Amino acid sequence: AQRVTQPEKLLSVFKGAPVELKCNYSYSGSPELFWYVQYSRQRLQLLLRHISRESIKGFTADLNKGETSFHLKKPFAQEEDSAMYYCALSGYGGGADGLTFGKGTHLIIQP
Amino acid sequence: DTGVSQDPRHKITKRGQNVTFRCDPISEHNRLYWYRQTLGQGPEFLTYFQNEAQLEKSRLLSDRFSAERPKGSFSTLEIQRTEQGDSAMYLCASSLWGYTGNTIYFGEGSWLTVV
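All values derive from a computational prediction rather than experimental measurement.

A. Here's a closer look at the overall build of chain B. Helix and strand counts for chain B come out as 0 helices and 11 strands. Reading the helices (α) and strands (β) of chain B from amino to carboxyl end gives β-β-β-β-β-β-β-β-β-β-β. Taking 2.2 N^0.38 as the reference for a compact globule, 115 residues should give roughly 13 Å; the C-alpha atoms of chain B span a radius of gyration of 13 Å, in line with that estimate. Across its three principal axes, chain B shows a C-alpha extent of roughly 45 × 25 × 25 Å. Across the 115 residues in chain B, those meeting the buried criterion constitute 46%. Accessible surface, chain B as shown: approximately 6,000 Å² in total, 45% of it carbon and sulfur.

B. Looking closely at the nonpolar core. Counting 24 residues, the largest nonpolar core has Trp-35, Leu-72 and Tyr-85 of chain A as its most contacted members. Every element with two or more residues in this core is listed here: strand S2 (10-14), strand S3 (19-21), strand S5 (32-38), strand S6 (45-49), strand S9 (83-90) and strand S11 (105-110) of chain A. No other element matches S9 of chain A, which puts 4 residues into this core. Core analysis: the second largest hydrophobic core is formed by 19 residues, Val-4, Val-19, Cys-92 and Val-114 of chain B among them.

C. Molecular detail of the pattern of salt bridges. Residues and elements named next belong to chain A. Taken as a whole, this structure holds 10 salt bridges over all chains when the rule is applied. Note that Lys-73 is salt-bridged to Glu-20, the shortest N-O span being 3.7 Å. Of the two residues, Lys-73 is situated in strand S8 (residues 72-74) and Glu-20 in strand S3; the sequence distance between them amounts to 53 residues. In this structure, Arg-49 engages Glu-32 in a salt bridge whose closest nitrogen and oxygen atoms are separated by 2.4 Å. Separated by 17 residues along the polypeptide, Arg-49 in strand S6 and Glu-32 in strand S5 bring together distant segments of the chain.

D. Here's a closer look at the state of the cysteines. This model, assessed by the stated rule, comprises 2 disulfides over all chains. In this model Cys-23 of chain A forms its disulfide with Cys-87 of chain A; the gap between the sulfur atoms is 2.0 Å. Judged by the sign of its S-S torsion, about -65°, the bond between Cys-23 of chain A and Cys-87 of chain A is left-handed. Here Cys-87 of chain A lies in strand S9 and Cys-23 of chain A lies in the loop between S3 and strand S4 (24-26), a separation of 64 residues in the sequence. Since its relative accessible area comes to 0%, Cys-23 of chain A is described here as buried. The residue that forms a disulfide with Cys-23 of chain B is Cys-92 of chain B, at a sulfur-sulfur distance of 1.9 Å. Around the S-S axis, the bridge from Cys-23 of chain B to Cys-92 of chain B shows a dihedral of about -70° and counts as left-handed. With a gap of 69 residues between them, Cys-23 of chain B in strand S3 (residues 19-24) and Cys-92 of chain B in strand S9 (residues 88-95) connect regions that are remote in the sequence.

E. How the structure looks around the pairing of S3 of chain B. All names here are of chain B. Here S3 shows a clear split, with Val-19, Phe-21 and Cys-23 buried on one side and none of Thr-20, Arg-22 and Asp-24 buried on the other. Relative to S3, strand S1 (residues 5-7) is paired through 3 bridges, and the arrangement is antiparallel. From the neighbouring strand, Asp-7 faces S3, where its bridge partner is Arg-22. Across 5 bridges, the pairing between S3 and strand S8 (residues 75-79) is antiparallel. From the neighbouring strand, Thr-20 faces S8, where its bridge partner is Glu-78.

F. Structural view of the pairing of strand S11 (residues 110-114) of chain B. All names here are of chain B. Across the two faces of S11 the burial differs, with Ser-110, Leu-112 and Val-114 buried and Trp-111 and Thr-113 not buried at all. Summarising the sheet, strand S2 (residues 10-13) and S11 pair through 4 bridges and their orientation is parallel. The residue of S11 that forms the bridge with Ile-12 is Thr-113. Here 3 bridges tie S9 to S11, and the two strands are oriented antiparallel to one another. Residue Tyr-90 lies in a different strand from S11, and its bridge partner there is Ser-110.

The rules we used
Residues numbered from 1 in each chain as written. Chains lettered and ligands numbered in written order. Predicted model: local features only at pLDDT ≥ 70, side-chain atom pairs only at ≥ 80, totals over all residues. Heavy atoms only, no water. Helix = DSSP H or I, 4+ residues; strand = E, 2+ residues; numbered from the N terminus. Rg over C-alpha atoms; globule rule 2.2 N^0.38 Å. Buried < 20%, exposed > 50% of the residue type's maximum accessible area, 1.4 Å probe, protein only. Areas by Shrake-Rupley, 256 points an atom, 1.4 Å probe, with all protein chains shown as cover. Core = buried A, V, L, I, M, F, W, Y, C linked by side-chain atoms within 4.5 Å. Salt bridge = Lys/Arg side-chain N within 4 Å of Asp/Glu carboxyl O. Disulfide = S-S within 2.5 Å. Pairing = 2+ DSSP bridges.

Okay, structure coming up:
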């Protein structure tokens, strides 16, 4: 069975400090990993996916198959980064069997 | 707004009543997904359609739940004989599968409160 674990329910950092949101996964095959973000009163939206290897809003995430992790990082946090962040896994390309989400981490950026 | 739209956004119903939610996906998206989200949890996959065919159902989808996508466009999710445990946010999402990326776009969700 596939599983996504986000160990921190809440993470509070000061503006300008580095941010790392942890995500570990369990999957026997070759997964596709995503980070979704939900800003206050907005819909869930894709932040980035590991196959794109792109940086969105200064965030990056590297898939580490050895440690089965996909941590989200940003070197300098901004107040507008405050949101709920969900790590998600798809067992097949294109989400054929749906995304499996972690429970989410609430990121608060303090001024 | 040409994103995924859901209706109603909020629904309060008495236990035992039936409720139906509608989802209009992004135009021309061939995949449509339903998820459920409860407080403190991430979204949980319920079912998905490829065009009008329902290809997968989660074990979370009890026999009181039924989803349809009759013409491969909009979808409905009906819950019969609602229970208090059905109280949750029901999220619809869509994607254009078969092309590079297959980004899944979510709607704003339909809040259900069963009293």
